[in-house]
Amino acid sequence: MQAHRLANTVTDHVAVGDRFDTGALLRSVAFPNRAFTVLLSQGSARLVEIGPDHRPREHALDLPDDHAMMLEKTATDGQADTPRADGATGDRIERERYARAVEVLVRPIVPDDVPVILAAATDLVPAYRAVNTHPLLLEDGISAHPESLDDETLSAAVREILDAQHARELAEWREHLGTQQAEGLGSSDLAEVARAATAAAVAELLFDMDDTTEGHIDEFGTITPAPDAGAATYALVDEIAARVLRTGGRVRAVRREDLVGDAPVAATFRFPLGA
């Protein structure tokens, strides 16, 4: 027996048939629920990974021995002191130097497709953002001082930020769907999406992970609903998702409220149906 922890809450569902109902499971890959958090304060820098099925995991940063001294002003006017820029501009330069020493170590560890969240002392936030080169450093950060964050508090803060980010992505996708529909390249009609999935026309499908309406879809994509679930029927949205995956489309399982109107599916097309 193998057990896997899902990052999402799913509804109870029992099905008997000739295939697996995978809709709820696809939710686990709809959004990664994974992020790296850079915790940065004067004299302290940490990189912590938050994942869907494990506790916060810290990645060691091999910082230079003098890293903590980069933000310290010289105490004397001796000629032996290392020259340092003075004033507000000088402070900014030193903070960015301090942040860059961390960023160059973070960058090789974090994959390009995994978000980075910043939890930094107030004066170091603009410094790190100025030197960052990771494409997915999120605009939302954690405002609490990094040294005050235990594992539980950090995990909760990261998941709240990721949820907000996912909501923005879905809102942008729905707006994109509206544009595609106007050009005949999208639909939220179940029957039309089934035909498109069968014809390998679906570029991206979003479907209600909790929808269990059963029936049949033939080789042309025509739906025949079933009055009752049985061993010879299957979940329609699951079958549509499977056909999209088999033809190279992207599939994301979402909640019904994330879709358009009361439809259980929404899809963008590679080409118009009938083209």
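Enquirer: An account of the confidence of the model for the chain is needed here, citing residue identities and associated values.
Expert: Residues with a pLDDT of 70 or more make up 90% of the chain, whose mean pLDDT is 88. Mean pLDDT across the elements of the chain bottoms out in helix α1 (residues 23-30) (78) and peaks in strand β11 (residues 265-269) (98). In the predicted structure, residues 74-88 sits below a pLDDT of 50 and forms ten contacts with residues beyond four places in sequence or in another chain.

Enquirer: With reference to specific residues and values, describe the environment of R19.
Expert: Within the secondary structure layout, R19 lies in the segment before α1. On the basis of relative accessibility, which here comes to 37%, the residue R19 falls in the partly exposed class. Counting along the chain gives 220 residues from R19 to E239, while the straight-line C-alpha distance between them is 9.4 Å. In this structure the side chain of R19 is engaged in a polar contact, spanning 2.9 Å, whose partner is the side chain of D18. A distance of 2.8 Å separates polar atoms of two side chains, one belonging to R19 and the other to E239.

Enquirer: Could you give me a rundown of the sheet that holds strand β2 (residues 44-50), with the residues and numbers involved?
Expert: Spatially, the four strands line up as an open sheet ordered β3-β2-β1-β4, and their pairing is mixed. Edge positions in the open sheet fall to β3 (57-59) and β4 (116-120), since each of these has one partner strand only. On average, each strand axis in the sheet is tilted by 30 degrees relative to the strand beside it, whichever way the strands run. Alignment of β2 against β3, held across three bridges, turns out to be antiparallel.

Enquirer: Give a detailed account of the nonpolar core, specifying residues and quantitative values.
Expert: Soluble globular proteins tend to pack their nonpolar side chains together in the buried interior. If you look at the biggest cluster of nonpolar residues, it comprises 24 residues, and the most contacted ones within it are V202, L205, F207, I217, I240, V244 and V251. At the level of elements, α5 (190-198), β6 (202-208), α6 (236-246), β10 (250-254) and β11 are the ones that each hand at least two residues to this core. Among the elements that line this core, the one with the most residues is α6, at five residues. In this structure, V251 is in contact with L26, L205, F207, A241, V244 and L245, ignoring residues within four places of it in sequence. A99, V102, V114 and L118 belong to the second largest nonpolar core, which has 21 residues in total.

Enquirer: For the sheet that holds β11, give the residues involved together with the corresponding values.
Expert: Neighbouring strands of a sheet are bound in pairs by backbone hydrogen bonds; such pairs are parallel or else antiparallel. Pairing is mixed in the open sheet, where four strands are placed in the order β5-β11-β6-β10. Bordering the open sheet on either side are β5 (186-187) and β10, each of which pairs with just one other strand. In terms of strand pairing, β6 meets β11 through five bridges, oriented antiparallel. The partner of L206 across the bridge, within β11, is A266. Lying over the sheet, α1 contacts β6 and β10, oriented at roughly 105 degrees with respect to β10. Its contacts with the sheet place α5 against β5, β6 and β11, and it is angled at close to 45 degrees to β11.

Enquirer: Requested: an account of the pattern of salt bridges, with residues and values cited.
Expert: Taken as a whole, this structure holds 18 salt bridges when the rule is applied. Residue R107 is joined to D112 by a salt bridge in which the shortest nitrogen-to-oxygen separation is 2.9 Å. The exposure class of R107 is partly exposed, given its relative accessible area of 24%. Taking the shortest distance from any N to any O, the salt bridge between E204 and R252 comes out at 3.1 Å. One end of the pair, E204, is in strand β6; the other, R252, is in strand β10, and 48 residues separate them in sequence. Accessibility assignment for this pair places E204 and R252 in one class, buried. Within the structure, one salt-bridge network assembled from shared partners comprises D18, R19, E239, R243 and R246.

Enquirer: Hey, could you go over the pairing of β2 for me, with residue numbers and the actual values?
Expert: Among the seven residues that make up β2, five are buried, leaving the element largely enclosed by the rest of the structure. As defined by bridge partners, strand β1 (residues 35-41) adjoins β2 across seven bridges and the pair is classed as antiparallel. Note on β2: the bridge partner recorded for F36 is E49. Turn length for the β1-β2 hairpin, with the two strands adjacent in sequence and antiparallel, is two residues, and the turn residue G43 shows positive phi of about 85 degrees. If you look at the hairpin formed by β2 and β3, you'll find six residues sitting between the two strands.

Enquirer: Before we move on, can you summarise a nonpolar patch on the surface with the specific residues and values?
Expert: A surface patch of nonpolar side chains, amounting to about 220 Å² of accessible area, comprises L6, V10 and L25. Of note, L25 is situated in helix α1. Owing to a relative accessible area of 47%, L25 belongs among the partly exposed residues under this scheme.

Enquirer: How would you summarise unusual backbone geometry if you had to cite specific residues and measurements?
Expert: Phi angles above zero are rare outside glycine, and A200 is one such case at about 60 degrees. By the element assignment, A200 lies in the loop between α5 and β6.

The rules behind these values
Numbers given to residues run from 1 along each chain, matching the order in which its sequence is written. With the structure being a predicted model, the display of local features is reserved for residues of pLDDT at least 70 and the display and counting of side-chain atom pairs for 80 or more, all residues being used for whole-chain, interface and lining totals. Hydrogen atoms and water are omitted, and side-chain values are computed over all heavy atoms in the structure. For every residue, the predictor reports its confidence as pLDDT, a number between 0 and 100. Secondary structure is summarised from DSSP: a helix means a run of H or I of at least four residues, a strand means a run of E of at least two, and numbering begins at the N terminus for each. Residues count as neighbours in contact if any of their non-hydrogen atoms are within 4.5 Å of one another. Relative accessibility decides the category of a residue: with a 1.4 Å probe and only protein chains considered, values under 20% of the type maximum give buried, values over 50% give exposed, and everything between is partly exposed. Two N or O atoms count as a polar contact when they lie within 3.5 Å, although within protein this holds only if one can serve as hydrogen donor and the other as acceptor, and sequence-adjacent residues are included solely when both atoms are side-chain atoms. A pair of strands counts as paired when DSSP detects no fewer than two bridges linking them. For every element, the axis is a line fit to its C-alpha atoms; helices are fit only across the contacting stretch, and the angle between N-to-C directions ranges from 0 to 180 degrees. Nonpolar cores are built from buried Ala, Val, Leu, Ile, Met, Phe, Trp, Tyr and Cys residues. Side-chain atoms within 4.5 Å join them into one set. By salt bridge we mean one thing: a side-chain nitrogen of Lys or Arg within 4 Å of a carboxyl oxygen of Asp or Glu. Here a patch means residues that are over 30% exposed by relative accessible area and free of salt bridges, tied together within 9 Å if like-charged and within 5 Å if nonpolar (Val, Leu, Ile, Met, Phe, Trp, Tyr). For the accessible areas, the method is Shrake-Rupley and the probe is 1.4 Å, while residue cover comes only from the protein chains on display.

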